[in-house]
Amino acid sequence: GENVEQHPSTLSVQEGDSAVIKCTYSDSASNYFPWYKQELGKRPQLIIDIRSNVGEKKDQRIAVTLNKTAKHFSLHITETQPEDSAVYFCAATPLYGGSQGNLIFGKGTKLSVKP
Amino acid sequence: DSGVTQTPKHLITATGQRVTLRCSPRSGDLSVYWYQQSLDQGLQFLIQYYNGEERAKGNILERFSAQQFPDLHSELNLSSLELGDSALYFCASSVTGEAKNIQYFGAGTRLSVL
């Protein structure tokens, strides 16, 4: 089955700096990669996603890149703000087939943005 | 608020006991997912239901079972509880269960097994 590795487990940056979180996956059938943000004591919320027919996707200060050949994808946050502090999870799943939608998550990255 | 409702918010019980966690999906969503979040294992997919039928199983223990009722709410039953079952249990729902549909998470049920 699918296995998702996420690095780093913790990341501390100064406000205004960029943050990068990287994930690798094992199952070549995976072709949908969402990223979730979980603030302390709250539910995971989708912040951005990417499909395997796209190499990069941006939404304001957040971008995700995908290298399907190398089986890795990354989350980039620019101009970080204190409210970006949270745990970020990457996930992978196939778009089609019996296991589609069953998100396999990385173990999370705790991002701390220092004012 | 995601529109996904989970009850109870907190549950404290003893080893060997049985508990039931309840989830009401967003209005119009047919698919329900259950996830377990623990400190050492992160977020793990347990099981998925679509319109009352089990669609997929993940790392769900045999002591755990779930069902989705005709009104689309779902229950996760945990029995013969062990200390290691202490975790945050999330329910998520999506429109059809296809991967392209966003999964909206509930606030979770925190289970403490003493």
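It should be noted that the structure appears before, not after, this text.
For every chain, the first residue of the written sequence is number 1, and numbering continues from 1 onward in sequence order. Lettering of chains starts at A and numbering of ligands starts at 1, both following the order in which they are written. Given that this is a predicted model, residues contribute local features only at a pLDDT of at least 70 and side-chain atom pairs are listed and counted only at 80 or more, while totals for whole chains, interfaces and linings are drawn from all residues. Only hydrogens and water are removed before side-chain values are computed, so all heavy atoms of the structure are retained for them.

## Overview of the state of the cysteines
Next up, step 1: When two cysteine sulfur atoms are found within 2.5 Å, that pair is recorded as a disulfide. A full pass over the atoms with the stated rule returns two disulfides over all chains.
Next up, step 2: Note on cysteine connectivity: C23 of chain A is disulfide-linked to C90 of chain A, with sulfurs 1.9 Å apart. Between C23 of chain A and C90 of chain A, the disulfide has an S-S torsion of -100 degrees and is therefore left-handed. With C23 of chain A in strand 3 (residues 19–25) and C90 of chain A in strand 9 (residues 86–92), the pair connects residues that are 67 residues apart, well separated along the chain. Taken individually, C23 of chain A and C90 of chain A each receive the classification buried, so the pair is uniform in this respect.
Next up, step 3: Residue C23 of chain B pairs covalently with C91 of chain B via a disulfide, S to S 1.8 Å. The S-S bond linking C23 of chain B to C91 of chain B shows a torsion near -50 degrees; that makes this disulfide left-handed. Taken as a pair, C23 of chain B in strand 3 (residues 19–24) and C91 of chain B in strand 9 (residues 87–94) lie far apart in primary sequence, 68 residues in all. Each member of the pair, C23 of chain B as well as C91 of chain B, is classed as buried. Numbering of helices and strands runs from the N terminus, with a helix taken as a DSSP run of H or I at least four residues long and a strand as a DSSP run of E at least two residues long. Accessible area is worked out with a 1.4 Å probe on protein chains only. A residue is then buried under 20% of its type maximum, exposed over 50%, and partly exposed in between.

## Quick notes on the pattern of salt bridges
One side chain can pair with another of opposite charge once the charged atoms of both are near each other.
Next up, step 1: Each reported salt bridge corresponds to a side-chain nitrogen of Lys or Arg within 4 Å of a carboxyl oxygen of Asp or Glu. As enumerated under the stated definition, the model contains nine salt bridges over all chains in all.
Next up, step 2: Between K42 of chain A and E39 of chain A there is a salt bridge; the shortest N-O distance is 3.9 Å.
Next up, step 3: D1 of chain B serves as the salt-bridge partner of R43 of chain A, at 4.0 Å between the closest nitrogen and oxygen. Taken together, the residues R43 of chain A in the loop between strand 4 (32–38) and strand 5 (45–51) and D1 of chain B in the segment before strand 1 (5–7) connect one chain to another.

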